[in-house]
Every structure is written in C-alpha cells, then in structure tokens.
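Residue strings, one per chain:
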Amino acid sequence: MLHTSPLKRQTMGSPLGGQSVLKPRGWKANRQMIFTLALTSLIDAFSILVIFLLINGPDNGTGVQANKNIVLPEATSASKMEVGTIIRIEQGRYFVDNREVLVSELTQRLFEAQKKINKKTEVPRLIIQADRKSDYSLLNPVIMAAAQTGYQQFKFAVLPGAGAKL
Amino acid sequence: MQIQSGKNKKDMNFELNLIPVFDILSACICFLLMTAVWIQIGSMDVSQALGGQSSDAKNPPSVLVYLNPKGEIQISLKDVTMAPTNLSKVSVHGQNGEISWKLIDTYIVSLHKSAPQVKTALIMPGSKSQYEDIVRLMDKFKVHGVSDIGISPL
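The shown structure was predicted, so the numbers you read here are calculated from the model rather than taken from an experiment. (Residues numbered from 1 in each chain as written. Chains lettered and ligands numbered in written order. Predicted model: local features only at pLDDT ≥ 70, side-chain atom pairs only at ≥ 80, totals over all residues. Heavy atoms only, no water.)

Caption draft 1: Fine view of the overall build of chain B. Along its length, chain B carries four helices and six strands. Mapped from its N terminus to its C terminus, chain B presents α and β elements in the order α-β-β-β-α-β-α-β-α-β. The 154 residues of chain B split such that 37% are buried. Partitioning the contacts of chain B with sequence separation of at least 6, the portion at a separation of at least 24 is 59%. Carbon together with sulfur atoms contributes 56% to the accessible area of chain B, which is approximately 9,600 Å² in total. (Helix = DSSP H or I, 4+ residues; strand = E, 2+ residues; numbered from the N terminus. Buried < 20%, exposed > 50% of the residue type's maximum accessible area, 1.4 Å probe, protein only. Contact = heavy atoms within 4.5 Å. Areas by Shrake-Rupley, 256 points an atom, 1.4 Å probe, with all protein chains shown as cover.)

Structure, rendered in structure tokens:
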C-alpha cells in the first residue's frame, strides 16, 4: 500500500535496512552514509551498572558519612554501625548531628539529643567521629559530657581493617 | 498478521528505539553514583568508665592500661585471681615516643593464655595520647577476647 501512497517520499527509510547487501530496503535501495550506533551492548552494560549500584545501596540509614577532613582510625574488630547521636570532632570543632556546638554547650546539646530518643525502643548511643591524629584532650570533653548525660554506649567510628567482618 | 509467500511478503522485523531506555539508564546511573557509599564505616563499642554500676556489684577481673605521653604503656591487673607475677604489673617502653606494638601484642597474648577470665579492660589515656593509638589498643584487646573495654576521662 505504501508503494502507491502519495506519502511514500515522506516516509523514513530504515538506516539499517539500507545497509543490507543482500536485500537492501529504503529509498531506492541506496547505500546511506548515516552512521548507526549499536546500542544493545551499551544498554547491557548500563543495566548491569544500575543493578550493581542499586544493590550496593546508598547510606545504610545511620547518618555516618565519610568526611574529607577526617581520616578515621582502622580497627580489625569493627562491628556494624548502628543508629545513634553523631558527634564529630573536626579540626578542634565539635558538631552534634551536623550542627556546630561550643565545648561549653556540649552537655546541653547531648542532653537535648538524648531526650528525643525513645528509651523504650532504642538504647541511647553516642557515635564519635574524629581524626586518627587527634589528641585525647579533644575527645575528653565528649566523654565527660556523655557520662553526665547518661549515654550508655559509645561507638567510635572506624574504618574496617583487614579481616574485619561488617 | 498474515505471512504470504511470493512478492507480497509481510515484513516481521521491527526496530526498537533504544534512545529513551539509554536516557533513563544514564539518569539512574548518574543519580546512583552520586548517592552510593564507597567507604564502609564500622564502629568499635566502648563503655564509659564512670558510674553505671551499683556499689554492691562485684568487680570483674580487669586489666588497667595507662598511656604515658612518652609512648610508654603501664599495664596492671586488678581482681585477677591466680595472676602470673610477670604479668601483674608491666611497663612497655616505647621507641622514639612511639608505642611498641609488638611487645603489647606479646603481653596480650600471654595474658589471654594465662588468665582467660579477664574480659574487662580500662584504658586511661594521657591528654596527648593519639586517638589512633587508643583505638588500636582497644582493637588488640578485643581481638584477644577482652570484650568489655572502658575508657577513662582525664
């Protein structure tokens, strides 16, 4: 029907069909110089990449993220990170749940964070994230404040060493 | 669709436009690459060394570790029955201000063999003690079965 239609010259010829040597199709069966890209293998690779990234997953929900200014210490006996109040010590500054606090406000801020925790369903945990070269004098205010505000568990954020099972 | 022989064959082939699929996959990959986590962060559990126990509670056998700013570590045992005398009080000297980890390893292994009932350690760092040394020390104790580790404030 197409060969009698006045729209014949308006239709698009198949670029792949025109390349065929045995049975060329398209406008006057001419060889066309249009470059065709085989996307099938590219789609395969992209699909595998998407599936891998979906499985790998984003943040596991704890809120602890790697920081470019902090190099965490390594530990072989590292366990899986859990949800808790995150306190980060970065270049002498203290951040509780990503909000900067002064040393004098640490106890108050940790107390407020602890009040928000439902103690019937969750154990108050404090996650400490500090650079491996930090002196203990920087961590001491955190330890003292946590002791005063009743945090029962501390977790030091570490990088899993060789042999660690998370 | 009827298949006919001769000149009027119906073409059974069709072409699938993969451009939209490619667009969507590219967008998904870009999003997932931005949000993926490449560095897994673990945690090391520590308990606080202040309070938390009633006055009637019996003190468990424990090892006390004091970190000296000069890289020296003083280790003593507390409430450990039948403790070997050579392990009761030990001072591990560092080299050039750094802790001698081989000697620490040797001590912890000996302690684990001679007194396996010791499951508690209390670490008392100095103000200049480095965080990575404290974590490494805690890690070594945990690897050898000392599961309850407390850290003392200054």
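Caption draft 2: Examining the overall build of chain A more closely. Broken down by element type, chain A carries four helices and seven strands. Ordered by position from N to C terminus, the α and β elements of chain A give α-α-β-β-β-β-β-α-β-α-β. Across the 166 residues in chain A, those meeting the buried criterion constitute 36%. The contacts in chain A between residues at least 6 apart in sequence include a share of 60% that link residues at least 24 apart.

Caption draft 3: Examining a nonpolar patch on the surface more closely. Together, A:L49, A:F52, B:L33, B:W38 and B:I39 give the surface a local cluster of nonpolar side chains, amounting to about 510 Å² of exposed area. For A:L49, the location among the structural elements is in helix α2 (residues 40-56). (Patch = residues over 30% accessible without salt bridge, like charges linked within 9 Å, V, L, I, M, F, W, Y side chains within 5 Å. Salt bridge = Lys/Arg side-chain N within 4 Å of Asp/Glu carboxyl O.)

Caption draft 4: Quick look at the interface of chain B and chain A. Opposite the 44 residues of chain B that make contact, chain A presents 56 residues. Summing both partners gives a buried area of about 4,200 Å² for chain B against chain A, and 66% of it is carried by carbon and sulfur. Put simply, B:E132 and A:R132 hold a salt bridge, and the shortest N to O gap is 3.2 Å. Elements with a contribution of two residues or more to the side of chain B that touches chain A: α1 (19-35), β1 (42-48) and α4 (131-143) of chain B. Here the side of chain B that touches chain A takes ten residues from α1(B), the largest share from any one element. Tallied by class, residues from the side of chain B that touches chain A come to 26 nonpolar, eleven polar and seven charged. (Buried area = accessible area lost by both parts, 1.4 Å probe. Nonpolar A, V, L, I, M, F, W, Y, C, P; charged D, E, K, R; others polar.)

Caption draft 5: Region of the structure containing the pairing of strand β4 (residues 89-92) of chain B. Residues and elements named next belong to chain B. Only one face of β4 is covered, namely the face carrying V90 and V92; the face carrying K89 and S91 is uncovered. Of the strand pairs in this sheet, strand β3 (residues 73-78) and β4 are connected by four bridges, and their pairing is antiparallel. Bridge pairing links I73 to V92 in β4. (Pairing = 2+ DSSP bridges.)

Caption draft 6: Layout of the confidence of the model for chain A. Chain-level pLDDT for chain A is 79 on average; 75% of the residues reach the 70-or-more range. Least confident of the elements in chain A is helix α1 (residues 15-19) of chain A, whose mean pLDDT is 65; most confident is strand β4 (residues 93-96) of chain A, at 91. (pLDDT = per-residue confidence, 0-100.)

Caption draft 7: Representation of the packing of helix α3 (residues 106-115) of chain A against helix α4 (residues 136-149) of chain A within the structure. Residue and element names in this part refer to chain A. Their axes nearest at 9 Å, the elements α3 and α4 cross at an angle of 45 degrees. When the axis of α3 is compared with that of α4, the two are oblique. When you trace α3 past α4, the crossing you get is right-handed. Counting all contacts with α3, which are made through L106, T107, L110, F111 and Q114, the residues of α4 involved are P141, V142, A145, A146, Q148 and T149. (Axes fitted to C-alpha atoms, helices over the stretch in contact; angles between N-to-C directions. Parallel < 35°, antiparallel > 145°, perpendicular 65-115°, else oblique. Left-handed = near helix turned anticlockwise from the far one by under 90°.)

Caption draft 8: Structural view of the pattern of salt bridges. All names here are of chain A. Under the counting rule described, the total for this entry stands at nine salt bridges over all chains. Taking the shortest distance from any N to any O, the salt bridge between E82 and K155 comes out at 3.2 Å. Separated by 73 residues along the polypeptide, E82 in the loop between β2 (79-80) and β3 (85-90) and K155 in strand β7 (residues 153-160) bring together distant segments of the chain. Judged by relative accessible area, which is 33%, E82 ranks as partly exposed. In this structure, E100 and R93 form a salt bridge, with 3.1 Å as the shortest nitrogen-oxygen distance.

Caption draft 9: Spatial organisation of the environment of A:P124. All names here are of chain A. Summarising the element assignment, P124 is placed in the loop between α3 and β6 (125-130). For P124, a relative accessible area of 2% translates into the label buried. Each C-alpha atom, one on P124 and one on T85, is 7.8 Å from the other, the two residues being 39 residues apart in sequence. Residue contacts for P124: discarding those within four places in its chain leaves Q114, I117, K119, Y151, Q152 and Q153.

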